[in-house]
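# Structural overview for review
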Amino acid sequence: MGNAEDSRKNNLTTVVFLIEEIIRNHQINMLLISLMITLIFPQNRKRKRWDRLGQSVVLDSIPDHVRQLDRLVRVTDSACVDNLRMDRNTFGRLCRILRDRVGLVDQRQVTVEEQLAMFLCVLAHHKKSLIVGHNFMRSSQTVSKYIHTVLHGVLTLHNLFLVKPIPIDEACTDRTWKWFKGCLGALDGTYINVRVPIADVPRYRNRKGHITTNTLAVCDPQLRFTYLLPGWEGSAADSRILRDAISRPLGLKVPKGCYYLCDQAYPNAEGFLTPYKGVRYHLKEWGVGRQAPQTPEELFNLRHSKARNVIERSFAVLKMRWGILRSASFYPIDVQTGLIIACFLLHNYIRSEMVVDAVEAELVNEADIDDETANDHLLCGDNISSVEPSALWTQKRDDLAMEMWGDRNNGQV
């Protein structure tokens, strides 16, 4: 009887052991199968994790992105101008240009509108990618990626956004410009703060001790830029940068018989008309209560200053519009140079598209403006190839001053 009982127990133990062995082998086989699938199809694991972590969470976050973009660009024109420096219509047109001419496309969750909005926020408010990413609920890597993408797209539009200069003609009735027949606009340089490697700091330190780049720019009477040359060190002289711009194959072109208004930092040479030295010039010196011009040279300087002030106004509007130009940015110097060019190009685009420039409207008193300071043309003929003082050009300035003085004495304004 006892032997039979022991035999049953042994049989039961054997069966349990066999069942455990079968289960253990089955688990090992399943692990091996899973490992083989993972090795052969690694994307399956990512797709499974996507589903396990909750695809609904990602889908639920999309309306937040949409609401953020709507708040910036689709609520009111004033909100759009405050955030992106352009109204809704201008923003929409720029998105269309980037799509049609540059080839930007909507990504899976980031549209062209959001890509451009992030880029404009960086330019307008000089925010780091981390802050912009927080505002748009994106990672800083995503923001950085699309900043460079949009920047490259904007830079390819330079031929579209840079305007072609038109000389002042005989029929001009503008009191500021009618004396300067053949003038194409005004020319000057401006300092823009940059961040450079320690080894390059001495070259970029300007006369005031700031680390800057000296950017040469030319504008027309409508405050639109026709040419710019960024990238020069802050220690470089204005006249040296101008000579470089003239010597470049695709540089600044000044047709014979035309000229730009410049300040005393440049030579009075063919194509570049400067004021008389040692004579009152700046608008603040001609304010209310000051003595009226007493000589032809003073009258010439006054009218020259009023016309050339357009470049100072252009720089003032440009830097008020784009906060990234008012302090050193966080990018390498080559990227900073590209961002500077983009600011100039977008300034021109806004000036051409918006009827009223809200930034310019803030500049009430032009006398208070005191800056620190490859392109096809509609003009034909030979271009000026050097910038050297000329006795002939000095005589031209004297003749123009005497003409202004004679008309003033005859009662003409």
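Residues numbered from 1 in each chain as written. Predicted model: local features only at pLDDT ≥ 70, side-chain atom pairs only at ≥ 80, totals over all residues. Heavy atoms only, no water.

### A closer look at the nonpolar core
Within the largest apolar cluster, 80 residues are counted, with the highest numbers of intra-cluster contacts made by Phe119, Phe180 and Trp322. When neighbours within four sequence positions are excluded, Phe180 is seen to be in contact with Ile168, Tyr259, Leu261, Leu273, Phe300, Arg303, His304, Ala307, Leu400 and Met404. Within the second largest apolar cluster, 22 residues are counted, among which are Val218, Ile241, Ile246 and Tyr266. (Core = buried A, V, L, I, M, F, W, Y, C linked by side-chain atoms within 4.5 Å. Buried < 20%, exposed > 50% of the residue type's maximum accessible area, 1.4 Å probe, protein only. Contact = heavy atoms within 4.5 Å.)

### Focus on the sheet that holds strand β3 (residues 225–233)
Ordered by their spatial adjacency, five strands build an open sheet running β3-β2-β1-β4-β5, and the pairing between neighbours is mixed. In this open sheet, the two edge strands, each paired with only one partner strand, are β3 and β5 (272–273). This element, helix α10 (residues 238–247), spans β1 (183–193), β2 (212–219), β3 and β5 of the sheet and lies at about 120 degrees to β3. Sitting on the sheet, helix α11 (residues 296–321) is in contact with β1, β2, β3, β4 (259–261) and β5, with an inclination near 45 degrees to β1. (Pairing = 2+ DSSP bridges. Helix = DSSP H or I, 4+ residues; strand = E, 2+ residues; numbered from the N terminus. Axes fitted to C-alpha atoms, helices over the stretch in contact; angles between N-to-C directions.)

### Description of the packing of helix α7 (residues 140–155) against helix α12 (residues 333–353)
Orientation of α7 relative to α12, taken along the N-to-C sense of each, is 55 degrees, at an axis distance of 9 Å. It follows that α7 is oblique to α12 by the angle criterion. α7 and α12 meet at a crossing whose hand is left-handed. Residues His148, Leu151, Val154 and Leu155 of α7 form the contact with α12, whose own contacting residues are Val335, Gly338, Leu339, Ile341, Ala342, Leu345 and Leu346. Here the contact of α7 with α12 is built from residues that sort into nine nonpolar, two polar and no charged. (Parallel < 35°, antiparallel > 145°, perpendicular 65-115°, else oblique. Left-handed = near helix turned anticlockwise from the far one by under 90°. Nonpolar A, V, L, I, M, F, W, Y, C, P; charged D, E, K, R; others polar.)

### Regarding the side chain of Thr90
Turning to its location among the elements, Thr90 is positioned in helix α4 (residues 88–102). Beyond its immediate stretch of four places on either side in the chain, Thr90 contacts Tyr349, Glu353 and Met354.

### Considering the pattern of salt bridges
Counted according to the given criterion, the structure contains 17 salt bridges. The salt bridge partner of Asp106 is Arg99, with a shortest N-O separation of 2.7 Å. In this structure, Arg224 engages Asp220 in a salt bridge whose closest nitrogen and oxygen atoms are separated by 3.0 Å. Judged by relative accessible area, Arg224 falls into the partly exposed class, the value being 24%. Through salt bridges with shared partners, one network takes in Arg313, Arg321, Arg351, Asp357 and Glu360. (Salt bridge = Lys/Arg side-chain N within 4 Å of Asp/Glu carboxyl O.)

### Description of the packing of α4 against helix α5 (residues 112–125)
Contact geometry of α4 with α5 gives a least axis separation of 10 Å together with a crossing angle of 115 degrees. Classified by the angle their axes make, α4 and α5 are roughly perpendicular. Relative to α5, α4 is oriented so that their crossing is right-handed. Across from Phe91, Leu94, Cys95, Leu98 and Arg99 in α4, the residues of α5 making contact are Val112, Glu113, Leu116, Ala117 and Leu120. Per-class residue counts for the contact of α4 with α5 are eight nonpolar, no polar and two charged.

### Observations regarding the packing of aromatic side chains
Inspection of the entire model under this criterion finds six aromatic pairs. Ring geometry for Phe161 against Tyr349: centres 5.3 Å apart, planes inclined by 45 degrees, an arrangement best described as tilted. Placement of the pair is Phe161 in helix α8 (residues 158–161) and Tyr349 in helix α12, with a sequence separation of 188 residues. Comparing Phe161 with Tyr349 shows no difference in burial state: the two are buried. Taken together, a centroid distance of 6.0 Å and an interplanar angle of 25 degrees make the contact between Phe225 and Phe315 stacked. Placement of Phe225 in strand β3 and of Phe315 in helix α11 is noted, with a sequence separation of 90 residues between them. A connected cluster of aromatic rings, assembled from ring pairs, spans Phe180, Tyr276 and Phe300. Taking the ring centre of Phe330 as reference, the NZ or CZ of Lys128 above it sits at 5.0 Å. Across from the ring centre of Tyr276, 4.2 Å away, lies the NZ or CZ of Arg397, which sits over that ring. (Phe/Tyr/Trp six-rings, centres within 6.5 Å; stacked < 30°, edge-to-face > 60°. Lys NZ or Arg CZ within 6 Å of the ring centre and 35° of its normal.)

### Regarding the pairing of β1
Here β1 lies mainly inside the structure; ten of its eleven residues are buried. Strand direction decides the pairing type here: β1 and β4, joined by three bridges, are parallel. Considered in β4, the bridge of Gly185 is made with Tyr260. Where β1 and β2 come together, eight bridges link them in antiparallel fashion. Its bridge partner lying in β2, Gly189 is registered against Leu216.

### Notes on the state of the cysteines
Tallied over the full model, the rule gives zero disulfides. Not engaged in a disulfide, the cysteine Cys95 finds its nearest cysteine sulfur in Cys80; these two sulfurs lie 9.3 Å apart. Cys219 takes part in no disulfide bond, and the closest cysteine sulfur to it belongs to Cys183, at a distance of 9.6 Å. Overall, Cys219 belongs to the buried group, its relative accessible area being 0%. (Disulfide = S-S within 2.5 Å.)

### Quick look at the environment of Cys183
Within the fold, Cys183 resides in strand β1. Separated by 37 residues in the primary sequence, Cys183 and Asp220 place their C-alpha atoms 9.3 Å from one another. Those residues within four positions of Cys183 in sequence are excluded, and the remaining contacts are Ile166, Pro167, Ile168, Trp177, Tyr259 and Leu261.

### Some words on α12
Between its first and last C-alpha atoms α12 spans 30 Å; for 21 residues at 1.5 Å apiece the expected length is 30 Å, and the two agree. Among the 21 residues in α12, 16 count as buried, and that is most of the element. (Expected span 1.5 Å × (residues − 1).)

### Re the pairing of β2
Among the eight residues in β2, eight count as buried, and that is most of the element. By the alternation rule, side chains of β2 split into Thr212, Asn214, Leu216 and Val218 and Thr213, Thr215, Ala217 and Cys219, which are all buried. Pairing of β2 with β3, which is carried by six bridges, proceeds in the antiparallel orientation. In the sheet register, Asn214 faces β3, and the bridge partner there is Trp232. Between β2 and β3, which pair antiparallel and follow one another directly, the connecting turn spans five residues, one of which, Leu223, has a positive phi of 65 degrees.

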